[in-house]
Amino acid sequence: MSSTEPPSVPPANVLPRVAAVKVVEGERLRSVRLSGITLAVRSRQPAREGLPPALYVHGLGGSSQNWSALMPLLDDVVDSEAVDLPGFGDSPPPDDGDYSVSGHARAVIRHLDAAGRGPVHLFGNSLGGAVATRVAAVRPDLVRTLTLVSPALPEIRVQRSAVPTGLLALPGVVSLFTRLTREWTAEQRVRGVTALCYGDPGKVSPEGFRNAVQEMERRLQLPYFWDAMARSARGIVNAYTVGGQHGLWRQAERVLAPTLLVYGGRDQLVGYRMAQRAARAFRDSRLLTLPDAGHVAMMEYPETVATAFRELLADAGESAVARSTAGPVDDEPANQTTGG
């Protein structure tokens, strides 16, 4: 089943009402209507006017809340926004049911074009890292710097612990999984997620755990939750199989923006061994390896990631400004010049 098949859930205007998404002190959540999509955007008031904009893109199964620990640490250097990708967080499914990496990238591009905020300091984690890489490659005019935390870039030998997540892409697996886990509580599900994503699940505070359980309970009420998960997982798998100029590694080579790469030594989803390959692929890269971190270093070690980003800004200097566009809004133009 293709990720571009018509959506199998009701349109956004007839979806059931569920509990409100949590917004911590200092944050604002608003809804942005664009062509074919509606995006929830989380933002913070910057320390002062005129700071350069930043946009944060979460990973598979995540939301803009995944950046709530990092954003306040950068209030004095960037004007932060974090987006809920279509079908995640508080964003309804896309009208066309396209959950591919390209589809998510188009959503990010549409938001940036409509808001006129580019070029931004673009952040991405996991799936969001693949999306951010594609955005930076096809629309360099929109990206000032690129920060990737455990980006989901193709691996030949996928870690065994990542296989169950990849299996969500197979037809029928989600239905089987939901039947097998029907009796699982939200608390059990959150413990499983934190064990998979954190290098040390003990770093999750009691309040953070309660908030995650509350969010899991909310998500499980959404009729499109598992559909968005399965189709987005399928989108990652499909992106891994694409070669040539549209392949993610080839697009990484085309990125012009100064790039910070963050990899965790205890990451069970993205191989730590991929750090050096990524550092070679991105032409202007800096590598931060955190041996004790898992898949979400910006949540486990936000201060360390914030410090590394400040160093990226210092390295890039005031010259990190807009680049000339490499193509139209739609990604992967046929006449795109490739790196290599």
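Draft legend 1. The arrangement of the overall build of the protein chain in detail. On a plain count of helices and strands, the protein chain comes out with eleven helices and eight strands. In the protein chain, buried positions account for 54% of the 340 residues. Expressed as a percentage of contacts within the protein chain between residues at least 6 apart in sequence, the contacts between residues at least 24 apart total 78%.

Draft legend 2. Region of interest: helix H1 (residues 101-115). Its 15 residues place the ends of H1 21 Å apart at the C-alpha level, agreeing with the 21 Å of an ideal helix rising 1.5 Å per residue. Within H1, eleven of the 15 residues are buried, which leaves it mostly tucked inside the rest of the structure. Within the sequence span of H1, burial applies to Val101, Ser102, Gly103, His104, Ala105, Arg106, Ala107, Val108, Ile109, His111 and Leu112. In the stretch just after H1, Gly116 is the one whose phi turns positive, near 65°.

Draft legend 3. Main features of the nonpolar core. In terms of nonpolar packing, the biggest core is built from 53 residues, with Val108, Leu122, Val131, Val135, Val143, Leu146 and Phe282 touching the most fellow members. In terms of residues, this core owes the most to one element, helix H2 (residues 127-138), which gives eight residues. Counting 34 residues, the second-largest nonpolar core is a separate cluster that includes Trp67, Leu70, Ala82 and Phe209.

Draft legend 4. How the structure looks around the pairing of strand E7 (residues 259-264). Most of E7 is tucked away: six of the six residues are buried. The pairing of strand E6 (residues 143-149) with E7 spans four bridges and is parallel. In the sheet register, Val149 faces E7, and the bridge partner there is Val262. Two elements, E7 and strand E8 (residues 285-290), share six bridges in a ladder whose sense is parallel. Counted as the bridge partner of Gly264 is Leu290 from E8. You can see the chain leave E7, run along helix H9 (residues 274-281) and come back into E8, and the turn it takes is right-handed.

Draft legend 5. Quick peek at the pattern of salt bridges. The full count for this structure, using the stated rule, is 19 salt bridges. With a shortest N-O distance of 2.6 Å, Asp76 and Arg310 are connected by a salt bridge. Of this pair, Asp76 sits in the loop between strand E3 (53-57) and strand E4 (79-84) while Arg310 is found in helix H11 (residues 302-316), placing the two residues 234 residues apart along the sequence. Residue classification places Asp76 among the partly exposed positions, given a relative accessible area of 33%. Residue classification places Arg310 among the partly exposed positions, given a relative accessible area of 31%. Its salt-bridge partner being Arg117, residue Glu81 comes within 3.3 Å of it at the nearest N-O pair. With a gap of 36 residues between them, Glu81 in strand E4 and Arg117 in the loop between H1 and strand E5 (120-125) connect regions that are remote in the sequence. By relative accessible area, which is 16% here, Arg117 ends up buried. Look at the salt bridges and you will find they share partners, linking Arg30, Asp79, Glu81 and Arg117 into a network.

Draft legend 6. Layout of the packing of aromatic side chains. The final tally for this structure, using the stated rule, is five aromatic pairs. Relative to Phe123, the ring of Tyr56 has its centre 4.4 Å away and its plane inclined at 25°; by these criteria the two rings are stacked. Highlighted residues: Tyr56 in strand E3 and Phe123 in strand E5, separated in sequence by 67 residues. Among the aromatic residues, ring-to-ring pairing joins Tyr56, Trp67, Phe123 and Phe309 into one connected group. Just above the ring of Trp249 sits the side chain of Arg277; from NZ or CZ to the centre is 4.2 Å.

Draft legend 7. Spotlight on unusual backbone geometry. Residue Pro119 is reached from Gly118 by a cis peptide bond, and omega for that bond is 0°. Looking at the secondary structure, you find Pro119 in the loop between H1 and E5. Even without being a glycine, Ser126 presents a positive backbone phi close to 55°. Relative to the elements of secondary structure, Ser126 occurs in the loop between E5 and H2. Overall, Ser126 belongs to the buried group, its relative accessible area being 10%. Positive phi is not limited to glycine here, since Ser150 has a value of about 45°. With respect to the helices and strands, Ser150 occurs in the loop between E6 and helix H3 (163-167). Note on Ser150: relative accessible area 1%, which makes it buried.

What counts, and where the lines are drawn
- Position numbers for residues count from 1 along each chain, tracking the sequence in the order it is written.
- Two thresholds apply to this predicted model, a pLDDT of at least 70 for residue-level local features and 80 or more for giving and counting side-chain atom pairs, whereas whole-chain, interface and lining totals are computed over all residues.
- Calculation of side-chain values draws on the structure's entire complement of heavy atoms; hydrogens and water are dropped beforehand.
- What counts as a helix is a DSSP run of H or I of at least four residues, what counts as a strand is a run of E of at least two, and both are numbered from the N terminus.
- A 1.4 Å probe rolled over the protein chains alone gives each residue an accessible area, and that area as a share of the maximum for its type sets the label: buried under 20%, exposed over 50%, partly exposed in between.
- Residues count as neighbours in contact if any of their non-hydrogen atoms are within 4.5 Å of one another.
- Take the number of residues in a helix, subtract one, and multiply by 1.5 Å to get its expected span.
- By convention a nonpolar core is built from buried Ala, Val, Leu, Ile, Met, Phe, Trp, Tyr and Cys residues, the set being connected through side-chain atoms within 4.5 Å.
- Only strands that DSSP links by at least two bridges are regarded as paired with each other.
- Classification remark: right-handed applies to a crossover when, strands pointing away from the viewer, the course from the first strand over the helix to the second runs clockwise.
- The salt bridge definition used is simple: a Lys or Arg side-chain nitrogen within 4 Å of an Asp or Glu carboxyl oxygen.
- The criterion for an aromatic pair is that two Phe, Tyr or Trp rings (for Trp, the six-membered ring) have centres within 6.5 Å, with stacked assigned to planes under 30 degrees apart, edge-to-face to planes over 60 apart and tilted to the rest.
- Any Lys NZ or Arg CZ that is within 6 Å of a ring centre and within 35 degrees of that ring's normal is treated as a charge sitting over the ring.

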